Amino acid sequence: APGNQMAIARLDACFAERPRHEWLEILHAAGVPSGPVGERDAYFASEQVAANAMRVELHHPELGTVVVPGVSSKLTETPGAVRTLMVDTPLDDVGWAPRPSAPIPAMVPTEAPLAGIRVLDLGVVIAGPFGPTILANYGADVIKVEPPEGDSFRTSALGFAGWNRGKRGVVLDLKTPEGLATFYEMVRTADVVMDNYRLGVCERLKIDHATLSAINPRIITCSVLGYGKEGPLAPDPGFDPLLQALSGMMAAQGGDGEPVFHTLPVNDEATGLQAAFAVVTALNARERTGRGQHLWTSLANQGVLCQSGELTWFEGRPPAPVGYRDCAGTSALEGLYPCADGWVAIAATGPGRFEALCEALGEPRWREQWPDPGAEPRTGGLAEAIAAKLAGVERDEVLAALHGRGVPAVAAVTRDQTTTDPWLHANGFWEEYELAPYGTVAGVRSYAGFSRTPGGFRYPAPQLGEHTEEVL
């Protein structure tokens, strides 16, 4: 919008008047969430990453010290650990031990994987609510507990609807004795409580794990934090764009140019996924111990996890690839190319695939012209030759030729086109449902397929307080 562009122009001019460190001090003093755009290697070596135990040093017999990411979800009673690097082991040394067979219990075919699990969702925006949404899709009874003013992300309308499907909605004011007492009653019959409050808020509201486990020893509590529980940044508010900047994602995507903002909330999504995975892990541990536990993860941890391949380091390791402005791929054989009527994505980096690509495009001479095609950049001679070959050809014709030779390739569709894409429909990716006040909308059907215990969403995203009377 013109108003937004005017505001951006004024802000650009304003920020250009002072060095970055001064602005960071000013913004921090004013309570404005902010942070620098950094490099991924510096982030991996930072005090905050170390405080979250997200950098682990291991020994390799040939490479020496190898530094790898740590475990991003922290379970307090049954913690995970990075124990060793992958090693080649003879099959005879594995020590297979047969497990005693047990009768398979009868199961109602329509019962979802997490049927019978109740989750109280205190999350807001994206990183907090997305984990409970995944659990709801797998059959858990998820109750979204909101304050009277509601989740601030409700202003995002359809975004809120997508991140909060499958839940029932309750309004409680946890700052009042009555609201807190009612929440405690809900905890008695719950299995999991999930939140993404800032550090210390759960204790201040008297809904921390120690308090809730005294009410229900089997309760599992999961906190999604911005920067973690320790370290210099732990008290600060964390948001996805800040972690994209701090973790080096933006700088790496921009390469030698300006940093590039990822419009998808990479760290928010990954944190929600990790929270859901950690909760299922804690539920499994509870089957053995009979007790719940507290667990946490953070956007800062996912800033490491999402760059695991790029951040794993040893002396002499080649530098990780970076992007560039309007990045169309990381190499000539792995990237995007325009056709006459749209774009295709090609991934021809495996053994024999360059030869197959040459045959598919009728250019066998390329094999002699580029004997080491894997080293060819997306902006080099081979990429230019591929682009020229595809430029005037219809996309379906290109895909048919590539698929006929076994070259991995797909149409690069727009976000709107995904709702009509025949492959996604054939695989049951989408479903239509009713959402007030929009009528019929399209949304994701399920995040995973289960042959005996299918999941799926039972409810659209709740209206504010829609199920309060029903639940209470």
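Residue positions are given per chain, counting from 1 as you read along its sequence in written order. Local features in this predicted model are restricted to residues of pLDDT 70 or higher, and side-chain atom pairs are both shown and tallied only at a pLDDT of 80 or more, whereas totals for entire chains, interfaces and linings draw on every residue. Note that the side-chain values use all heavy atoms of the structure and ignore hydrogens as well as water.

Looking now at the overall build of the protein chain. Helix and strand counts for the protein chain come out as 20 helices and 16 strands. What the globule rule says is 2.2 Å times the number of residues to the power 0.38, and the radius of gyration is computed from C-alpha atoms. Taking 2.2 N^0.38 as the reference for a compact globule, 472 residues should give roughly 23 Å; the C-alpha atoms of the protein chain span a radius of gyration of 25 Å, in line with that estimate. Projecting the C-alpha coordinates of the protein chain onto the three principal axes gives extents of approximately 75 × 70 × 60 Å. Per-residue burial for the protein chain yields a buried fraction of 42% across its 472 residues. Starting at the N terminus, helices and strands are each numbered in turn, a helix being any DSSP run of H or I of at least four residues and a strand any DSSP run of E of at least two. With a 1.4 Å probe rolled over the protein chains alone, any residue whose accessible area is under 20% of its type maximum counts as buried; one over 50% counts as exposed, and the rest are partly exposed.

Taken in spatial order, the three strands make up an open sheet running β1-β2-β10, and their pairing is antiparallel. What marks the edges here is a single partner per strand, and that holds for β1 (55-60) and β10 (313-314). DSSP bridges decide pairing: two strands pair if at least two such bridges lie between them. The pairing of strand β2 (residues 64-69) with β10 spans two bridges and is classified as antiparallel. What sits directly across from Val66, in β10, is Phe314.

Salt bridge, as used here, is a side-chain nitrogen of Lys or Arg placed within 4 Å of a carboxyl oxygen of Asp or Glu. Within this structure, the stated rule accounts for 13 salt bridges. With a shortest N-O distance of 3.1 Å, Arg118 and Asp141 are connected by a salt bridge. Highlighted residues: Arg118 in strand β4 (residues 118-121) and Asp141 in strand β5 (residues 141-146), separated in sequence by 23 residues. On the basis of relative accessibility, which here comes to 27%, the residue Arg118 falls in the partly exposed class. Of the residues examined, Asp141 reaches a relative accessible area of 13% and is grouped as buried. With a shortest N-O distance of 3.2 Å, Arg367 and Glu359 are connected by a salt bridge.

A few words now on helix α15 (residues 353-360). What α15 keeps buried is the set Phe354, Ala356, Leu357, Cys358 and Ala360. As for α15, its buried residues are in contact with α16 (366-369), α17 (381-390) and α18 (395-404). Two residues or fewer after α15 comes Gly362, characterised by a positive phi angle close to 65°. Any two residues having at least one pair of non-hydrogen atoms within 4.5 Å are treated as being in contact.

With that settled, the discussion passes to the sheet that holds strand β9 (residues 294-298). Two modes of strand pairing occur in sheets, parallel and antiparallel, and in both the strands are linked by backbone hydrogen bonds. Within the open sheet, the seven strands sit side by side as β3-β9-β8-β7-β4-β5-β6. Their pairing is mixed. Looking along the sheet, the strands with just one partner apiece sit at the ends: β3 (74-75) and β6 (167-171). Pairing of β4 with strand β7 (residues 192-195) involves three bridges; the strand directions are parallel. Paired with Val119 across the strands is Val192, a residue of β7.

Right, let's talk about a negative patch on the surface for a bit. Residues forming no salt bridge and having over 30% relative accessible area are the ones grouped into patches, like charges within 9 Å of each other and nonpolar side chains (Val, Leu, Ile, Met, Phe, Trp, Tyr) within 5 Å. Surface exposure here means Shrake-Rupley accessible area, sampled with a 1.4 Å probe, where a residue is shielded only by the protein chains that are shown. The positive count covers Lys and Arg only, the negative count covers Asp and Glu only, and His and the chain ends enter neither. Every charge is mapped to an atom, namely NZ of Lys, CZ of Arg, CG of Asp or CD of Glu. The grouping of Asp341, Glu394, Asp396 and Glu397 at the surface amounts to a negative patch. Within the fold, Asp396 resides in helix α18.

No statement about biological role is implied by the geometric values presented.
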